Amino acid sequence: MPHEPKPNVLNLLGFVMWGDFADLTTYRTKRGKVVWLKKTWPEKPTSPRQQIQRDLWRAAAEAWRDLTPSQRHQWHLATRRASLCMHGFNLWMYWYISFDDPTIRTIEHQTHTTLIPAGGGGSGCGGGS
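Computed from a predicted model, the values in this text were never measured in an experiment.

Two numbers describe how helix α3 (residues 69-81) lies on helix α4 (residues 88-98): the axes approach to 7 Å, and their chain directions differ by 100 degrees. In terms of orientation, α3 lies roughly perpendicular with respect to α4. In this structure, α3 uses Trp75, His76 and Thr79 to contact α4, whose residues at the interface are Gly88, Phe89, Leu91, Trp92 and Trp95. A class-by-class count of the residues in the contact of α3 with α4 yields five nonpolar, three polar and no charged.

Further remarks concern the sheet that holds strand β2 (residues 24-28). If you walk across this open sheet you meet the three strands as β1-β2-β3, and the pairing is antiparallel. Where the open sheet ends on each side, the last strands, each with one partner, are β1 (19-21) and β3 (34-38). Recorded for the sheet is a direction-independent mean angle of 30 degrees between the axes of neighbouring strands. Pairing analysis gives five bridges linking β2 to β3, with the strands arranged antiparallel. Counterpart to Thr26 in the pairing with β3 is Trp36.

Applying the stated rule across the entire model yields two salt bridges. Between Arg58 and Asp55 there is a salt bridge, and its shortest N-O distance comes to 2.7 Å. In this pair, Arg58 and Asp55 are both assigned in helix α2 (residues 48-66), three residues apart and thus about one turn of the helix distant. For Asp55, a relative accessible area of 37% gives the class partly exposed. Across the pair Glu108 and Arg105 runs a salt bridge whose closest N-O atoms are separated by 3.0 Å. Of this pair, Glu108 and Arg105 both sit in helix α5 (residues 101-111), separated by three residues, roughly a single helical turn. Judged by its relative accessible area of 8%, Glu108 falls in the buried class.

Reading the values: rules and limits
- Throughout, a residue's number is its position along its own chain's written sequence, starting from 1.
- The model is predicted, so local features are restricted to residues of pLDDT at least 70 and side-chain atom pairs to those at 80 or more, both for listing and for counting; the totals for chains, interfaces and linings are taken over all residues.
- Think of the side-chain values as coming from all heavy atoms in the structure, minus any hydrogens and water.
- To get an axis, fit a line to the C-alpha atoms, keeping to the stretch in contact for a helix; angles then go from 0 to 180 degrees between the N-to-C directions.
- Put simply, DSSP H or I for four residues or longer makes a helix, DSSP E for two residues or longer makes a strand, and each gets a number counted from the N terminus.
- To sort the angles, those under 35 degrees are grouped as roughly parallel, those over 145 as roughly antiparallel, those from 65 to 115 as roughly perpendicular, and the leftovers as oblique.
- Contact between two residues is taken to exist if any of their heavy atoms lie within 4.5 Å; hydrogens are not considered.
- The residue classification treats Ala, Val, Leu, Ile, Met, Phe, Trp, Tyr, Cys and Pro as nonpolar and Asp, Glu, Lys and Arg as charged. All others, Gly included, are polar.
- Here, strands pair whenever DSSP counts at least two bridges between them.
- What makes a salt bridge here is a side-chain nitrogen of Lys or Arg within 4 Å of a carboxyl oxygen of Asp or Glu, nothing more.
- Per-residue accessibility, obtained with a 1.4 Å probe over protein chains only, is compared with the maximum for each type, and a residue is labelled buried under 20%, exposed over 50%, and partly exposed between these values.

What follows is the structure, encoded as structure tokens:
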């Protein structure tokens, strides 16, 4: 049963609370109320298609970690210069999963950055090696 916690000092200081903590999950409603729920766990194992998706997202995150600091910096720089409401990591994940080279090439051109190495794209599900 969800319940609304009493206001506390953290809320008054502007801290935003959401996510999992111990056996509780918390989030904010559209009206700004904080809701706490007892955490629930799936009753069934993941399906093969779910596992494929999870593996793809895991591979994308691992590929991000394998980038050099200067490469990661270029992705962050491109998102700032393009005034995108995301971090470089988010743009990287989009590209890795969708393999949308034309969009990334446009962002490169507009932001004067180099994101995709010359000679090809990544190994996302949309193509690549």
